[in-house]
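Reading the structure
So you can see what is in the structure, the chains are spelled out below.
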Amino acid sequence: MEDLTANKVAFLRAWLKDDLHRAGDYLRGLGGELQTLEERGGSWLLDAADPTETAWPNLMRCIKQGKPWALAGERTVAGEELQCLGCGYRAMPEAGAQITPCHRCGYGCFRQIEGGLED
C-alpha cells in the first residue's frame, strides 16, 4: 500500500511540476501579447490625434531652448538624426536627403540632433 501511495505522490508531483511549467510558458506568452496590444492601442491613439495639436508644445520648447529643428522638405546633413516632434519617432536619413513627413504620425516637424541622440 505504501509503494502505491508513493507512486501516486511521485506521479502527482511530476504532473504538478509539468502543469506549473506550462502555466509559466502561457503567462510569458500572454505578457508579450499584452505588450503588443498596448503598442497597437498607443498607435491607434496617435493616429486619431491631430499631430499639430500634440507637437506644437514640443516645437515651441525647441524654439525657446534654441535647439535646432527642421521641417519636411528641407535637406539633411551628414550625421544628423531627426526626432519627430509629434510622436517621438527617431530616424537617421542619409546626408543630403529631403526630409519627408514622419512615417509614423505624418507630422512634418523634427528636432535635429547632430551626432546622434543622447538618452
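Below you will find a few notes about this structure. (Residues numbered from 1 in each chain as written. Predicted model: local features only at pLDDT ≥ 70, side-chain atom pairs only at ≥ 80, totals over all residues. Heavy atoms only, no water.)

Thoughts on the overall build of the protein
When helices and strands are counted, the protein shows 2 helices and 4 strands. For the protein, the sequential pattern of α-helices and β-strands runs α-α-β-β-β-β. By residue count, 20% of the 119 residues in the protein fall in the buried class. Across the protein, contacts joining residues at least 24 apart in sequence account for 57% of those joining residues at least 6 apart. Taken as a whole, the protein presents about 8,900 Å² of accessible surface, with 57% of it coming from carbon and sulfur. (Helix = DSSP H or I, 4+ residues; strand = E, 2+ residues; numbered from the N terminus. Buried < 20%, exposed > 50% of the residue type's maximum accessible area, 1.4 Å probe, protein only. Contact = heavy atoms within 4.5 Å. Areas by Shrake-Rupley, 256 points an atom, 1.4 Å probe, with all protein chains shown as cover.)

Quick look at the pairing of strand β2 (residues 80–84)
Along β2, 5 of the 5 residues are buried, which leaves the element largely enclosed by surrounding structure. Along β2, one buried face is formed by E80, L82 and C84 and the opposite face, lined by E81 and Q83, is buried too. Looking at chain direction, β2 and strand β3 (residues 90–91) are connected through 2 bridges and run antiparallel. Counted as the bridge partner of Q83 is R90 from β3. (Pairing = 2+ DSSP bridges.)

Some words on a nonpolar patch on the surface
A cluster of nonpolar residues, F11, L12, W15 and L16, forms a patch on the protein surface that exposes about 450 Å² of accessible area. As for its position among the elements, L12 is in helix α1 (residues 2–48). (Patch = residues over 30% accessible without salt bridge, like charges linked within 9 Å, V, L, I, M, F, W, Y side chains within 5 Å. Salt bridge = Lys/Arg side-chain N within 4 Å of Asp/Glu carboxyl O.)

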